[in-house]
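# Coordinates in review
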Amino acid sequence: MTALVRRALLSDYFVLGLCVLYAAVVVPFTPSFLSVGNGTNILSTLFPLLIVALGQMAVLITGGIDLSATAVIGLTSIVGAMAINDETGWLAGSPLATPSGVVIMLAIGAAVGMFNGLAVARSGMPPFMVTFASMTGFSGLAVWLTHSKAINALPSAFVVLGGRTGVAFGIALAVAGFAHLMLSRSLLGRWLYAVGHNPRAALISGVPVSGVVVSAYVVSGFLAALAAVLYTGQAETGSPVLGQRIFLDIIGATVIGGTSLSGGKGKVLWTVFGVLFLKLVDNSMNLLNLSIFTITMAKGAVILLAACLDSARARLGTP
Amino acid sequence: MKSTLLTLTLACVALLVGCDKSDTPAPAATNGHLTIGVAFETLQTEYWVAGFEAIRADLKQRGDTMLEAVSDSDANRQLEQVKNLITRKVDGIILVPKDAKTCLPMIKAANAANIPVVLFNRPADKSDARSVAIVADNLALTRETVGYLVAEARKAGKKVKAAVLLGDLGDINAVGRRDGFDAAVKGQEDIIDVVARIPTEWNQEKAQAGVVNALQANPDIGLIFSSSDFLFPSIVSALKSVGKYHKTGEPGHVLLGGFDGDATAYQMLKDGYLDATGVQDVYFEAAQSMQAILDLRAGKTVPEVIRDPGFVIHRGNLAEKSAQMWGARVAAKK
């Protein structure tokens, strides 16, 4: 029995099992939980969260944290909308508006990531402080750009990117596949884990620690911007405060999946399951007609439980 | 790699395939009673809580069921919640959106499902999305409130420096209140000198820092208008820190005006610290929201905007008007 529990806890599919168990428990109380409409609804909000969580996972694996992910979402959302909206956009009416807008958003996200990475790697400042400062600064910049105003009238080709679940699924699948390849098959992936386990040992072993750290933050910024493309498309509006409140979801989903806050541990599949579990909890609590206060407290409890399980798994996994 | 992609794909497919194709509605409308989805952007201020509770009480009185959703200021989460309500086949949706633009896809989704949508106190931008908004005339009420403050300043007979706390200018109500303030002080330059326009984005910390900064730059500010009463604790704290929080009639009193009519404003009016506030009639708006849904369901023509006339309450009419002020009722329950 003990061996079975140990195997279950250490399995890659542990959180998926929790998802199935959770769904089985809530279905009798929420009949519409298993409706097609609700399934599509869960998926449409799951994909952008998955993308930004995968970026956060890359940073967490190195032992860092990227608090600026939500600021990147807001900043890139509003800059993208400023560029491509059909009324006042710099690229209004151009057939290249949508691809150019996406490229601009991704470039800004990567640039913010580069800034964070260089500050962490070169100055030796704690990632928490660096990314907290950039979160504050870039959030302020996003709000200042339009004085807090949201922008709509986005091209339909752009709206489709986030608004159609199938398209968002394709993008998320491609990102997850690429991230999996990077982590499991590439040298950069091995370096990320090495830096997260022990940066000093990694440096002595010839790993370019600074470059690896910068890469992780660039990936995080880039993927936060990609998530912003989907979120903006869903809302059909660029907003400087888009995604401002989802940081708990990003960290929660990543940690629930099993990525360690201490670094050196994390898998794409774990994050997929973590995001799925968090969305199932969120969605079912709405369907149960619980108040926002109850939902927030329950999510906090679930994340705490996940952290406890993570620590139990770490203990079990230690020889 | 293969297993990861396969698992991801299977997880998504399983979620959809495992779903019941019938899209089972949750609490169906029975015995003529309706199920109404109430989706609020936030419950962080007394006004929204009072509105939420007024709608809840109204629905309870009618024997209807309320499905609630609060998005914690997250537009994408609110879109998900509205889609949830649509999936559950509610009979109508009362929505307080984050702003005038992000609600458009929500309204379109409800339109597509033929579910009437009423926007409570925060209208949407012009578009082809069909909805009804119940909203106070922010501009007129603010103009009247600030007009009262200007008249009081004029009675004192000397020029007054003024500060205005602006809300989130992505919120059309905040824009209306800003415009109402500007309209009231326009042409009054002989008595009013606006020296500070403080952006708060509906944030108390920003409001407090802004008022402190304004008072440092202009210690002789004599009039402050807040675009919402919920910012008064920040203003009071800033005034107290520089020893300028005095009752009407006392030397050094700063003329104070606000908007909403919450319990704090009522108490400040009663205690003599607040001069005037524009009151939104939350109970009127709640009742009209439900009536609009009923009318839309009955196929009646409903105007796109239903105005809450509201009123200005000040020291002169406090006794007469306080019974209609929602903040006074909230204060009485405390």
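When helices and strands are tallied, chain A shows 14 helices and 0 strands. The order of α-helices and β-strands along chain A, N terminus first, is α-α-α-α-α-α-α-α-α-α-α-α-α-α. In terms of overall dimensions, chain A is globule-like: its C-alpha atoms have a radius of gyration of 20 Å, near the 20 Å expected for 319 residues. Referenced to the eigenvectors of the C-alpha coordinate spread, the extents of chain A come out at roughly 65 × 55 × 35 Å. Scored against the burial criterion, the 319 residues of chain A give a buried share of 57%. By sequence separation, contacts in chain A at least 24 residues apart represent 78% of the contacts at least 6 residues apart. For chain A, the accessible area works out to roughly 12,400 Å², and carbon and sulfur atoms hold 72% of it. When the 15 positive and 8 negative side-chain charges of chain A are each reduced to one mean point, those points stand 15 Å apart.

We now examine the overall build of chain B. Tallying secondary structure elements over chain B gives 12 helices and 12 strands in all. The dimensions of chain B, computed from C-alpha atoms along their principal axes, are 75 × 55 × 40 Å. Sorting the 334 residues of chain B into buried and exposed places 57% on the buried side. Taking all contacts inside chain B whose residues are at least 6 apart in sequence as the whole, residues at least 24 apart take part in 72%. Split by element, the accessible area of chain B, about 13,300 Å² in all, is 52% carbon and sulfur. Counting 38 positive and 40 negative side-chain charges, chain B places the averaged centre of each group 1 Å from the other.

Here we take up the packing of helix α4 (residues 69–84) of chain A against helix α6 (residues 127–146) of chain A. Residues and elements named next belong to chain A. The interhelical angle for the contact between α4 and α6, taken along N-to-C directions, is 25 degrees, at an axis separation of 8 Å. The angle between the axes of α4 and α6 places the two elements in the roughly parallel class. Our pair here, α4 against α6, has a crossing hand that is left-handed. Within the contact between the two elements, α4 uses A71, G74, L75, I78, V79 and M82 and α6 uses S134, M135, F138, S139, L141, A142, L145 and T146. Residue composition of the contact of α4 with α6, grouped by class: 10 nonpolar, 4 polar and no charged.

The subject of this paragraph is the sheet that holds strand β1 (residues 35–40) of chain B. All names here are of chain B. Strand order in this open sheet of 6 strands is β2-β1-β3-β4-β5-β11, and the pairing throughout is parallel. Across the chains shown, the open sheet's two edge strands, defined by having one partner strand only, are β2 (65–70) and β11 (305–308). Adjacent strand axes in the sheet meet at a mean angle of 20 degrees, parallel and antiparallel pairs treated alike. Note: strand β3 (residues 92–96) against strand β4 (residues 117–120), 3 bridges, orientation parallel. Pairing of I93 across the sheet is with V117, part of β4.

Residue and element names in this part refer to chain B. Taken together, 6 strands build an open sheet; the order of strands is β7-β6-β8-β9-β10-β12 and the sheet is mixed. For this open sheet the edge positions go to β7 (192–199) and β12 (311–314), each flanked by a neighbour on one side alone. Strand-to-strand, the axes of this sheet are offset by a mean angle of 15 degrees, without reference to chain direction. Lying on the sheet, helix α9 (residues 263–271) is in contact with β9 (255–260), β10 (276–279) and β12; it crosses β10 at an angle near 145 degrees.

The next thing to look at is the pairing of β2(B). All names here are of chain B. By the criterion of burial, β2 is predominantly enclosed, with 5 of the 6 residues buried. Here β1 pairs with β2 via 6 bridges, running parallel. For F40, the partnering residue across the bridge sits in β2 and is V70. Remark: the β1/helix α2 (residues 46–62)/β2 crossover connection has right-handed handedness.

Below, the discussion takes up the domain arrangement of chain B. All names here are of chain B. Considered domain by domain, chain B is made up of domain 1 (26–135 + 282–309) and domain 2 (138–280 + 313–333). Each of domain 1 and domain 2 has a C-alpha centre, and these two points are 30 Å apart. Residue-level contacts link 15 residues of domain 1 with 15 residues of domain 2. Of the roughly 1,300 Å² buried between domain 1 and domain 2 on both sides combined, carbon and sulfur atoms contribute 54%. The largest per-residue losses of area from domain 1 upon contact with domain 2 belong to E46, Y47 and Y283, which jointly make up 39% of the total buried on that side.

Glancing now at the environment of B:D137. Residue and element names in this part refer to chain B. Relative to the elements of secondary structure, D137 occurs in the loop between β5 (132–136) and α5 (138–156). In the structure, D137 is positioned 54 residues away from I191 in sequence and 26 Å away in space, judged by C-alpha atoms. The residues contacting D137, other than those within four sequence positions of it, are R307 and D308. A distance of 3.2 Å separates the side chain of D137 from the backbone nitrogen of A140, its partner in a polar contact.

For the rest of this paragraph, the subject is the interface of chain A and chain B. Counting residues at the interface gives 59 residues for chain A and 46 residues for chain B. Taking the shortest distance from any N to any O, the salt bridge between B:E80 and A:K279 comes out at 3.3 Å. Linking chain A to chain B there are 14 residue pairs in polar contact (both at pLDDT 80 or more). Listed by contribution, the elements that provide at least two residues to the side of chain A that touches chain B are α3 (36–61), α8 (165–185), α11 (209–235), α13 (268–287) and α14 (292–317) of chain A. The dominant element in the side of chain A that touches chain B, judged by the number of residues it contributes, is α3(A), at 12 residues. Residues belonging to the side of chain A that touches chain B are distributed by class as follows: 31 nonpolar, 20 polar and 8 charged.

Residue and element names in this part refer to chain B. Among the structural elements, H314 can be located in strand β12. Accessibility expressed as a relative area gives 18% for H314, which makes it buried. There is a polar contact of 3.0 Å between the side chain of H314 and the backbone nitrogen of G316. Sequence-distant contacts of H314, that is, excluding residues within four places in its chain, are made with Y148, L269, D275 and A276.

On to empty space enclosed by the protein. Summed over all chains, the structure comprises 7 cavities of 30 Å³ or more. There is about 90 Å³ of room inside the largest cavity. In this structure, the largest cavity is lined by A:T45, A:L49, A:Y231, A:I246, A:D249, A:K279, A:D282, B:D74, B:N76, B:R77 and B:E80. For the lining of the largest cavity, the secondary structure elements donating two or more residues are α3 and α13 of chain A together with α3 (75–87) of chain B. The leading source of residues in the lining of the largest cavity is α3(B), at 3 residues. Split by residue class, the lining of the largest cavity holds 3 nonpolar, 2 polar and 6 charged.

Cut-offs and rules
Residues numbered from 1 in each chain as written. Chains lettered and ligands numbered in written order. Predicted model: local features only at pLDDT ≥ 70, side-chain atom pairs only at ≥ 80, totals over all residues. Heavy atoms only, no water. Helix = DSSP H or I, 4+ residues; strand = E, 2+ residues; numbered from the N terminus. Rg over C-alpha atoms; globule rule 2.2 N^0.38 Å. Buried < 20%, exposed > 50% of the residue type's maximum accessible area, 1.4 Å probe, protein only. Contact = heavy atoms within 4.5 Å. Areas by Shrake-Rupley, 256 points an atom, 1.4 Å probe, with all protein chains shown as cover. Lys, Arg positive; Asp, Glu negative; His and termini not counted. Charge placed at Lys NZ, Arg CZ, Asp CG, Glu CD. Axes fitted to C-alpha atoms, helices over the stretch in contact; angles between N-to-C directions. Parallel < 35°, antiparallel > 145°, perpendicular 65-115°, else oblique. Left-handed = near helix turned anticlockwise from the far one by under 90°. Nonpolar A, V, L, I, M, F, W, Y, C, P; charged D, E, K, R; others polar. Pairing = 2+ DSSP bridges. Right-handed = clockwise from strand over helix to strand, strands pointing away. Domains from an automatic or database assignment. Buried area = accessible area lost by both parts, 1.4 Å probe. Polar contact = N/O pair within 3.5 Å; in protein donor to acceptor, adjacent residues only side chain to side chain. Salt bridge = Lys/Arg side-chain N within 4 Å of Asp/Glu carboxyl O. 1 Å grid on protein atoms, 1.4 Å probe; cavity = no way out; pocket = protein on both sides within 12 Å on 5 of 7 lines; lining within 4 Å. Points joined across faces, edges and corners; volume = space filled by probe spheres on them.

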